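Now for the letters of each chain:
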Amino acid sequence: MSTQITEHQITNDGHLLIGGVDTTKLASEYGTPLYAYDISIIRNQITHFKTIFEKADVKYQISYASKAFAILAMYQLINKENIHCDVVSEGELYTAKQAGFPMDKVSFHGNNKSVQELTMALDQKIGCIIIDNFYELDLLKQLTQERQQSINVMIRVTPGISAHTHEYISTGQEDSKFGFDLNSGQADKALEQILAAPYLKMLGAHCHIGSQIFATAGFVGAAEKMMDLLIHWQADFDFTATVLNLGGGFGIQYTDDEKPLAPEVFITSIIEEVKQLSATNNFPCPEIWIEPGRSIVGSAGISLYTVGSQKTIPNVRDYVAVDGGMGDNIRPALYEAKYETVLANKMNEPATHKVSVAGKYCESGDMLAWDQILPTTTAGDLLAVLDTGAYGYSMASNYNRNPRPAVVFCDEGESKLVVNRETTEDLIKLDLPLE
Ligand SMILES: Cc1ncc(COP(=O)(O)O)c(C=O)c1O
Ligand SMILES: N[C@@H](CCCC[NH3+])C(=O)O
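Owing to the predicted nature of the structure, the values given are computational and were not obtained by experimental measurement. (Residues numbered from 1 in each chain as written. Chains lettered and ligands numbered in written order. Predicted model: local features only at pLDDT ≥ 70, side-chain atom pairs only at ≥ 80, totals over all residues. Heavy atoms only, no water.)

A.B. asks: Report on the site of ligand 1, specifying residues and quantitative values.
C.D. replies: In the vicinity of ligand 1 there are 15 residues, among which His208, Ser211, Glu291, Arg294 and Tyr391 approach most closely. Here an oxygen atom of ligand 1 and a side-chain polar atom of Lys67 are 3.1 Å apart. Computed on the free molecule, ligand 1 has an accessible area of 400 Å², of which 93% lies beneath the protein chains in the complex. Here the shell around ligand 1 is built from residues that sort into 3 nonpolar, 8 polar and 4 charged. (Near = heavy atom within 4 Å. Polar contact = N/O pair within 3.5 Å; in protein donor to acceptor, adjacent residues only side chain to side chain. Areas by Shrake-Rupley, 256 points an atom, 1.4 Å probe, with all protein chains shown as cover. Nonpolar A, V, L, I, M, F, W, Y, C, P; charged D, E, K, R; others polar.)

Okay, structure coming up:
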């Protein structure tokens, strides 16, 4: 069984609890597949991040990377925790707005923001636009000039740091679609243009080296390069940045053999580097922003499925199929991501069988987990995939015309439905008949 589940999370009759709620009750009340979140984990993680900065006595901002999980209730939850968030699309910005999230606490990311998106950001007077490229910079100069409206900006820089993670989620290397390249001087050119633009208020620089990172070296290297950049900007452009945004990417534990560093290890090493370079260069210590996504929501969520068919190939493999798969969690198919699973209705039964958990989609690659040691599995059992809170529901699709699952928040033994299950009628809502 996963080391991440303690005896407090199991009922006497062997049912997995989440946020104090029996998962078998969740399944019968809301159906499966179902995303269930223990929201105390989200709150605690945010408090934990805050405490690290407060102990270090530096100015900081935590900006939740909402792409990890972006629904109305999530924006409302993080607003209660009084942190910022970043959005990457009109849809995320709209959801945050509808959730009543304060627009001045929103930053906007993206490597190809449309005129419509930039206009919406200006209409909503959001906190900051993180400019990614010269095309966007030109658009924003033009729009702010026409509207005679000022807006805070930062630029995203690719610092030339390779994070040791899956290449699809590595973003800080020079050869990346994101950001202004540092080595060729693009970042300096962007700064000059911003300083000359009357309505763009430059806060500082941003970088994000990648996601699911397990070592501090990349963050420390990025902090060093970014501080060098800010010091150079002060010396050569007479511009003193007030914000250094070092992005997200802090890795979490998905499987027993992964050993991620605690957030304090990452954050403390970043803070120390920034503080030390500020002091030695007589540069005012900038406000340090981070953009954690996965590390805030990942371990708070599980996906619940009902077991259906099984297939045994003698001397090869036993497959157990569930009623969801790559439509509600694309990560195993996309990144070969690994998860731990449990039989949520048989937590006290001995785990004796090695099985691989297949989804129901028409793709051989639609597997949720390989080689799981579970109790004897029968049709109707409730299977939980653990730690699916980040980039699970947010990357869900309707492939094979499967409706997307419902989402519930659980806390202190109570559950609340926060996203309805899609229906088959919903699936044809946008379709138009030929005749
Ligand atoms: C700019 C930016 N910030 C923050 C994040 C959040 O990363 P993570 O969920 O790994 O913390 C991402 C996604 O990788 C990102 O692209
Ligand atoms: N979607 C990725 C994370 C990186 C995306 C954000 N830049 C994942 O599921 O691991």
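A.B. asks: Can you break down the confidence of the model for the protein residue by residue, with the values?
C.D. replies: Averaged over every residue, the pLDDT of the protein is 95; the share at 70 or more is 97%. Model confidence for the complex: the whole-complex pTM is 0.96, and ipTM, which rates the interface, is 0.98. (pLDDT = per-residue confidence, 0-100.)

A.B. asks: Describe in detail the UniProt feature "active site" (unreviewed entry) in the protein, supporting the description with residues and values.
C.D. replies: Here, the residues flagged by UniProt with the feature "active site" (unreviewed entry) are Cys362. Setting aside chain neighbours within four positions, we find Cys362 in contact with Tyr399 and Asn400. (UniProt positions renumbered as here; feature names shortened; annotations may be inferred. Contact = heavy atoms within 4.5 Å.)

A.B. asks: Which residues make up helix H7 (residues 186-196), and what are the values?
C.D. replies: An α-helical segment advances 3.6 residues per turn. Residues three or four places apart therefore align on the same side. Ala187, Asp188, Ala190, Leu191 and Ile194 are the residues of H7 that are buried. Looking down the long axis of H7, one finds its buried residues gathered within 160° of arc, a one-sided arrangement. Those residues of H7 that are buried lie in contact with strand E7 (128-131), helix H6 (134-147), strand E8 (151-158), strand E9 (180-181), strand E10 (200-206) and helix H8 (217-237). (Buried < 20%, exposed > 50% of the residue type's maximum accessible area, 1.4 Å probe, protein only. Helix = DSSP H or I, 4+ residues; strand = E, 2+ residues; numbered from the N terminus. Arc of directions from axis to C-beta.)

A.B. asks: Now, about unusual backbone geometry: what can you tell me, with residues and values included?
C.D. replies: Along the chain, Thr32 connects to Pro33 via a cis peptide bond; the corresponding omega equals -10°. Mapped onto the fold, Pro33 is located in the loop between helix H1 (23-30) and strand E3 (34-38). Phi at Gln212 is positive, roughly 55°, even though this residue is not glycine. Mapped onto the elements, Gln212 comes out in the loop between E10 and H8. Its identity is not glycine, yet Tyr391 carries a phi of approximately 55°, on the positive side. Tracing the backbone through its elements, the reader meets Tyr391 in the loop between strand E18 (382-385) and strand E19 (406-411). Residue Tyr391 is classed as buried on the basis of its relative accessible area of 15%.

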